[in-house]
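Structural features, examined
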Amino acid sequence: QPVLTLHQSFFYYLGFINILTFLIYGYDKFQAKRGGWRVSEKVLLVLAAAWGSLGALLAMYFFRHKTQHKKFIYGVRILIMLQVAVYCLFYLKY
């Protein structure tokens, strides 16, 4: 018998990836303000696509970061909708 079910493991992963994404968006905003090394937009979007979209959206508004970029405004929201749909399909199937 596994220690964690698939659903439990997935929720732990969601917590981890969303906290990580939130922190990296915050770090990028901090670096943008001080003119330091930045995290690429590709990395930020990949983190959102790796199920960190809620953390990305929260960070965008908490840090006021990337809120003027259409690929983030629409992309992160689309990712959230797709991820919710995929989760619902998976949850209903298993």
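Residues numbered from 1 in each chain as written. Predicted model: local features only at pLDDT ≥ 70, side-chain atom pairs only at ≥ 80, totals over all residues. Heavy atoms only, no water.

Thoughts on the overall build of the chain
Spelled out, the test is: Here a strand is any run of E in DSSP of at least two residues, a helix any run of H or I of at least four, and the numbering for each starts at the N terminus. Accessibility here uses a 1.4 Å probe with only protein chains present; expressed as a share of the type maximum, an area under 20% marks a residue as buried, one over 50% as exposed, and anything in between as partly exposed. Note on contacts: a residue pair is in contact if any heavy atoms of the two residues lie within 4.5 Å. Per-residue accessibility takes into account occlusion by the displayed protein chains alone, with areas from the Shrake-Rupley method and a 1.4 Å probe.
For the chain, the helix and strand inventory stands at 3 helices and 0 strands. In the chain, the order of α-helices and β-strands from amino to carboxyl end is α-α-α. Burial analysis of the chain (94 residues in total) assigns 28% to the buried set. For the chain, contacts bridging at least 24 residues in sequence account for 67% of all contacts bridging at least 6. Per element, the accessible surface of the chain, about 6,600 Å² overall, is 70% carbon and sulfur.

A short note on helix 3 (residues 70-93)
Defined as follows: Expected span of a helix, by definition, is 1.5 Å for each gap between consecutive residues, and there is one gap fewer than residues.
Across its 24 residues, helix 3 extends 34 Å between first and last C-alpha, which sits within 8% of the 34 Å expected from 1.5 Å per residue. For helix 3, the complete set of buried residues consists of Phe72, Ile73, Gly75, Val76 and Gln83. Tucked into the core, helix 3 has its buried residues touching helix 1 (6-34) and helix 2 (41-62).

Notes on unusual backbone geometry
Most peptide bonds adopt trans geometry, and most residues besides glycine take a negative phi value. Phi at Trp51 takes a positive value of approximately 75 degrees, unusual for a residue other than glycine. The residue Trp51 is located in helix 2 in this model. Here the phi dihedral of Arg64 falls at roughly 50 degrees; this positive angle occurs in a residue that is not glycine. Note that Arg64 resides in the loop between helix 2 and helix 3.

Focus: the pattern of salt bridges
Going by this rule: Basic side-chain nitrogens of Lys or Arg form a salt bridge, by our definition, when they fall within 4 Å of a carboxyl oxygen of Asp or Glu.
Applying the stated criterion across every chain, the model contains 3 salt bridges. In this structure, Asp28 and Arg38 form a salt bridge, with 2.9 Å as the shortest nitrogen-oxygen distance. A residue pair is termed long-range when its members are at least 10 positions apart, and Asp28 in helix 1 and Arg38 in the loop between helix 1 and helix 2 qualify at 10 residues. Residue class for Arg38 comes out partly exposed when judged on its relative accessible area of 34%. Between Lys71 and Glu41 there is a salt bridge, with the nearest N and O atoms lying 2.8 Å from each other. Separated by 30 residues along the polypeptide, Lys71 in helix 3 and Glu41 in helix 2 bring together distant segments of the chain. A relative accessible area of 23% places Glu41 in the partly exposed class.

Points about the environment of Trp51
Note on Trp51: relative accessible area 22%, which makes it partly exposed. For the pair Trp51 and Gln31, spaced 20 residues apart in the sequence, the C-alpha separation amounts to 24 Å. Excluding anything up to four places from it in sequence, Trp51 contacts Phe10, Tyr13, Leu14, Ile17, Asn18, Gln83, Val86 and Tyr87.

With respect to the nonpolar core
The test is simple: Here, the term nonpolar core denotes a set of buried Ala, Val, Leu, Ile, Met, Phe, Trp, Tyr and Cys residues that are joined through side-chain atoms within 4.5 Å.
Grouped together as the largest cluster of nonpolar side chains are 10 residues: Tyr25, Val39, Leu44, Ala48, Ala56, Leu57, Ala59, Met60, Phe72 and Val76. Of all the secondary-structure elements, those providing two or more residues to this core are helix 2 and helix 3. Top contributing element to this core by residue count: helix 2, with 6 residues. With near-sequence residues (within four places) excluded, Leu44 lies in contact with Ile24, Tyr25, Asp28, Val39, Lys66 and Phe72.

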